[in-house]
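The residues making up each chain are set out below.
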Amino acid sequence: MNYQIKNIFDFFVIRTDNWTCAEFEKAILRDYPNEGYPFVKELILEADELGYWPKVIERYIRTNYIAHGNVSSELDRIANRILGADYKPSI
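These numbers were taken from a predicted model, which means no experiment stands behind them.

Criteria and thresholds
Residues numbered from 1 in each chain as written. Predicted model: local features only at pLDDT ≥ 70, side-chain atom pairs only at ≥ 80, totals over all residues. Heavy atoms only, no water. Phe/Tyr/Trp six-rings, centres within 6.5 Å; stacked < 30°, edge-to-face > 60°. Helix = DSSP H or I, 4+ residues; strand = E, 2+ residues; numbered from the N terminus. Buried < 20%, exposed > 50% of the residue type's maximum accessible area, 1.4 Å probe, protein only. Lys NZ or Arg CZ within 6 Å of the ring centre and 35° of its normal. Patch = residues over 30% accessible without salt bridge, like charges linked within 9 Å, V, L, I, M, F, W, Y side chains within 5 Å. Areas by Shrake-Rupley, 256 points an atom, 1.4 Å probe, with all protein chains shown as cover. Salt bridge = Lys/Arg side-chain N within 4 Å of Asp/Glu carboxyl O. Core = buried A, V, L, I, M, F, W, Y, C linked by side-chain atoms within 4.5 Å. Contact = heavy atoms within 4.5 Å.

Caption draft 1: Structural context of the packing of aromatic side chains. A complete count under the given rule lists 10 aromatic pairs for this structure. Considering the side-chain rings of F12 and F24, the 5.2 Å spacing of their centres and the 80° angle between planes classify their relative orientation as edge-to-face. Taken as a pair, F12 in helix α1 (residues 3-14) and F24 in helix α2 (residues 21-31) lie far apart in primary sequence, 12 residues in all. Its relative accessible area of 0% is what places F24 among the buried residues. Geometrically, the ring pair formed by F24 and Y60 is edge-to-face, given 5.8 Å between the ring centres and 70° between the ring planes. Of the two residues, F24 is situated in helix α2 and Y60 in helix α4 (residues 54-68); the sequence distance between them amounts to 36 residues. Taken individually, F24 and Y60 each receive the classification buried, so the pair is uniform in this respect. Chaining the aromatic ring pairs together yields one cluster made of F9, F11, F12, W19, F24, Y52, W53 and Y60. Sitting over the ring of W19, R59 keeps its end group 5.6 Å from the ring centre.

Below, the structure is given as structure tokens:
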């Protein structure tokens, strides 16, 4: 993960408003316009595996689940851990 992406994660850690997954995605894709949403998911997975930015990951998962009623299957493991019994994976 490069410095620019780490800065975006750091920026979202210190935000005190009610930001959403869409705002996070928009920030990433603004700096990486040739990438798509799979790239954002990869970054969330990588950050989680490294144990970095847990507040950003949690807020991303929660707001994604609220907005869509599910999360991408790649993020199921994280969503299950964060949302617990409330999480119903999509089939």
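Caption draft 2: Focus on unusual backbone geometry. Despite not being glycine, W53 has its phi angle at roughly 50°, a positive value. Structurally, W53 is set in the loop between α3 (37-50) and α4. Its relative accessible area of 12% is what places W53 among the buried residues.

Caption draft 3: Quick look at a nonpolar patch on the surface. A surface patch of nonpolar side chains, amounting to about 300 Å² of accessible area, comprises F11, V13 and I14. You can see I14 is positioned in helix α1.

Caption draft 4: Examining the pattern of salt bridges more closely. For the coordinates displayed, the defined rule picks out six salt bridges. Close ionic contact of K41 with E74 constitutes a salt bridge, the shortest N to O distance being 3.5 Å. On the criterion of sequence distance, the pair formed by K41 in helix α3 and E74 in the loop between α4 and α5 (76-83) is long-range, its members being 33 residues apart. Residue classification places E74 among the partly exposed residues on the basis of a relative accessible area of 42%.

Caption draft 5: A look at the nonpolar core. Formed by 29 residues in total, the largest nonpolar core has its most connected members in F9, F24, I28, I44, Y60 and I61. Taken together, the elements giving at least two residues each to this core come down to α1, α2, α3, α4 and α5. Contact partners of I44, with chain neighbours within four places excluded, come to F9, F24, I57, Y60, L75 and I78.

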